[in-house]
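Observations on the three-dimensional arrangement
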Amino acid sequence: MDYFRAIYKADERSPRALRLTRRAIHLNPGNYTVWHFRRLVLEALNTDLDEELDFIQRIANSNSKNYQLWHHRRWVIERLGSNARAKELHLIKSILSLDVKNYHAWSHRQWVLQALGGWEDELDYCQQLLEQDIFNNSAWNQRYFVVTRSPFLGGLIAVRASEVRYSVEAIVANPNNECPWRYLRGLYKDDIESLVNDREISSVCLKPSQEFRDAVVALWTSDTHPLDADLATAICDILEHVDSLRASYWIWRKNKLPIAA
Amino acid sequence: MESLTSPTVTQRDQLLVEQQVFSLFKTFYNMPPSSQSFMLELQRENHVEYLTNGLKQLGPSFCVLDANRPWICYWILHSIALMDEFVDPELEDNTIDFLSRCEDPNGGYGGGPGQMPHLATTYAAVNSLVTLGGDKALSSVNREKLYSFMQQMKDASGGFRMHDGGEIDVRACYTAISVASLLNILDDKLVQNVGNYILSCQTYEGGISGEPGSEAHGGYTFCGLATMILINEVDRLDLSSLIDWVVFRQGVEGGFQGRTNKLVDGCYSFWQGGIFALIKRLNSTKGERSIPLGDGEDSDPESPRTTASSDATEEGLNKDLSQDDSHSQKDHHDTSSRVNVADIGHNSSKGHAKVNPLFNSLALQQYILLCSQDLNGGLRDKPGKSRDHYHTCYCLSGLSVCQRSWLEDEDAPPLPHAVLGPYSNLLEPIHPLYNVVLDRYQEAHEFYTSS
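Residues numbered from 1 in each chain as written. Chains lettered and ligands numbered in written order. Predicted model: local features only at pLDDT ≥ 70, side-chain atom pairs only at ≥ 80, totals over all residues. Heavy atoms only, no water.

A few words on the overall build of chain A. Check the secondary structure of chain A and you find 16 helices and zero strands. For 261 residues, the compact-globule estimate of 2.2 N^0.38 gives 18 Å, and chain A exceeds it by more than 25% at 26 Å. Counting only C-alpha atoms, chain A reaches 80 × 40 × 30 Å along its principal axes. The buried share among the 261 residues of chain A stands at 50%. (Helix = DSSP H or I, 4+ residues; strand = E, 2+ residues; numbered from the N terminus. Rg over C-alpha atoms; globule rule 2.2 N^0.38 Å. Buried < 20%, exposed > 50% of the residue type's maximum accessible area, 1.4 Å probe, protein only.)

Quick look at the structure:
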């Protein structure tokens, strides 16, 4: 590291400097100063950046959660351009196959898609991951990213109906899975009116039919306190008891309900 | 009808943790009361010893391989301060000198001597110095240079880069704004467009991600929310969505997970738990009525139905907040009528009003004390993981938040049963926006607003 500091101070951008940064990075991949200087040297020497990707990959094998590494990768890919796209998307997939919720990998993947494209197969990829594990929230998040931003799908409104269907299926298969519930709400972000009126959704949870009300009443076990006449209030009361970890929250929600007409 | 397929990886991993945690809880509940008392005790001496040793090993042997050393200082110093302990004056001096050597002549602090300045290590260094307190520590920061470093890190998008040519994300925004606010060098130029950037990071789930499009995450949600409060743009966030997301991050184990369907981790006791401290603060500074204690769920039997002394409080706080007569709650983007952001961090509520925390404080305390504590000193992610200084810092910070979660005023003494275990478990209060001990914050605030 003393050698590195000397070269850094002298701002020497030579092949020797490049080699030194490589060694320093092996010793401590978290040293952002070394990575930064390496970039300066790479630029000055106009080095082959494809080889650089291999170098990063070798470091990544034992450091997949290192910020500097991913940031450096982004810098390299930016310079290589769309030729690097396919290989990069493939590489990220292989990292995700080992650690399917790796936050850096997903952020990097999103960046590659936005900077270089490659959207065509992304929805399928999400589908695949969700088939393997419907509880994978990273995959749901990616799905949302794709359906809202892919230039090939026509935007959220265009895909909404099929996405609602997909989410409802997922809910029915595992009602205790939080992901599709939030995803569903996300599909109707800023448009509660439409969410409430969507028949597919009401079939699963919202319609205040007599049947639903009967089901709600059946959950209420207290003999002393009658269930509130207002359904929303009644639901908050029930949740206070069946989801007691969040009792405080349900009380707060109840207090925020608009006064029933 | 539940799916009949075999458990997925997520389900399996979750089940394993639940089994471990529940077996720990079961053992606990079957113990005689005297053993239970012991298990719920915060092992202060052991923690302090673990922490002080960590700081010492840092002291004389300046090994330049590590790019995170101001963080280690902060994690250790803050933890010690939370337990109201002190560091040996010589060690203190060494630390101040060491941090000065991490300071770049052009402003900001790097991960070690000779390293480029970095916003995260700057945050850690400044918080460490504030925690140490005293003239020597506080005056050692070159604020002018630090300001120019931050200006250089500012990106057109509104966000900040962590270092020259470094990554932009919500964490960088928080570290910059938090430090600038603390040192009283926050201005319109630094604040410009930060709100837009963070807003673009609130996801469909309600939480906030590191970069636009990424997954909602506890660490970034804390950073994003704190930043929006510091720049007085918090109303631009969808707060009810955010709250709804974060309450569901608390699991059956009592602790918090960082993201939906991921595993509980002790450090989220602060990142997620701290969000409630911020929201509580928000509700009081905005003059909204504090949540009155319900009768059935009364976690505080000594106090009858108490509502906040909100009218008097509201008046006092609004007076503090509006430095500028033309300021209105809606007027957030108009820089000319901007509230003096230097005062945002400083407003503490008056009076000893009580509130109901929106999360389950006792459950979280139980997780921290029974699952995160290493009885030999230090705290950890979860049973089976090793202790480290980072987890020690954030588990303890979370514990402090929990103990005061029924109080509107961070300064007031908590009621005995707000504290799980013996009352001696009580930690010092923190300032939730910066995560430094409150009286250290107050000293720093005075120092940096008068000089």
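Alright, that's what it looks like, and here's the rest.
A few words on the nonpolar core. Core analysis: the biggest nonpolar cluster contains 130 residues, and Leu119(B), Leu146(B), Phe160(B), Phe222(B), Leu225(B) and Tyr394(B) have the highest contact counts within it. Of the residues forming this core, the biggest block, 10 residues, is contributed by helix 4 (residues 69-82) of chain B. (Core = buried A, V, L, I, M, F, W, Y, C linked by side-chain atoms within 4.5 Å.)

Now for the interface of chain B and chain A. Between chain B and chain A, the residue contacts involve 58 residues of the former and 55 residues of the latter. The junction of chain B with chain A conceals about 4900 Å² of combined surface from both sides, 50% of it contributed by carbon and sulfur atoms. Counting every contact that joins chain B to chain A gives five salt bridges. Between Arg74(A) and Glu211(B) there is a salt bridge, with its nearest N and O atoms 3.0 Å apart. (Contact = heavy atoms within 4.5 Å. Buried area = accessible area lost by both parts, 1.4 Å probe. Salt bridge = Lys/Arg side-chain N within 4 Å of Asp/Glu carboxyl O.)

Taken as a whole, helix 16 (residues 247-256) of chain A has its buried residues at Ala247(A), Ser248(A), Tyr249(A), Trp250(A), Ile251(A) and Trp252(A). Where helix 16 of chain A is buried, its residues meet helix 15 (231-242) of chain A together with helix 13 (239-247) of chain B.

With 14 residues, helix 3 (residues 32-45) of chain A ought to run about 20 Å at 1.5 Å a step, and its terminal C-alpha atoms sit 20 Å apart, in line with that. Counting buried residues in helix 3 of chain A gives 10 out of 14 residues, a clear majority hidden from the surface. All of the buried residues in helix 3 of chain A are Tyr32(A), Thr33(A), Val34(A), Trp35(A), His36(A), Phe37(A), Arg38(A), Arg39(A), Val41(A) and Leu42(A). Against helix 1 (2-10), helix 2 (15-27), helix 4 (49-60) and helix 5 (67-80) of chain A together with helix 6 (119-132) of chain B lie the buried residues of helix 3 of chain A. Sitting at the amino-terminal end of helix 3 of chain A is Asn31(A), which places a side-chain oxygen 3.1 Å from the backbone nitrogen of Thr33(A). Backbone geometry just after helix 3 of chain A places Asn46(A) at a positive phi near 55°. (Expected span 1.5 Å × (residues − 1). Polar contact = N/O pair within 3.5 Å; in protein donor to acceptor, adjacent residues only side chain to side chain.)

A word on the domain arrangement of chain A. All names here are of chain A. By the assigned domains, chain A splits into domain 1 (1-115), domain 2 (119-207) and domain 3 (208-260). Placing the centre of domain 1 and that of domain 2 at their C-alpha centroids yields a distance of 35 Å. In this assembly, nine residues from domain 1 lie in contact with 11 residues from domain 2. Where domain 1 packs against domain 2, one counts one salt bridge. Its salt-bridge partner being Arg109, residue Glu122 comes within 2.8 Å of it at the nearest N-O pair. Seen at the junction of domain 1 and domain 2, the total is three residue pairs in polar contact (both at pLDDT 80 or more). If you list the elements that add at least two residues to the side of domain 1 that touches domain 2, you get helix 6 (85-98) and helix 7 (103-116). The element best represented in the side of domain 1 that touches domain 2 is helix 7, accounting for five residues. (Domains from an automatic or database assignment.)

Right, let's get into empty space enclosed by the protein. For the coordinates displayed, the defined rule picks out 11 cavities of 30 Å³ or more. When its volume is computed, the largest cavity comes out at roughly 180 Å³. If you go around the largest cavity, you meet 14 residues; those closest to its centre are Tyr67(A), Arg74(A), His104(A), Ser107(A) and Glu211(B). Elements represented by at least two residues in the lining of the largest cavity include exactly helix 5 and helix 7 of chain A. Of the residues in the lining of the largest cavity, the class split is five nonpolar, five polar and four charged. (1 Å grid on protein atoms, 1.4 Å probe; cavity = no way out; pocket = protein on both sides within 12 Å on 5 of 7 lines; lining within 4 Å. Points joined across faces, edges and corners; volume = space filled by probe spheres on them. Nonpolar A, V, L, I, M, F, W, Y, C, P; charged D, E, K, R; others polar.)

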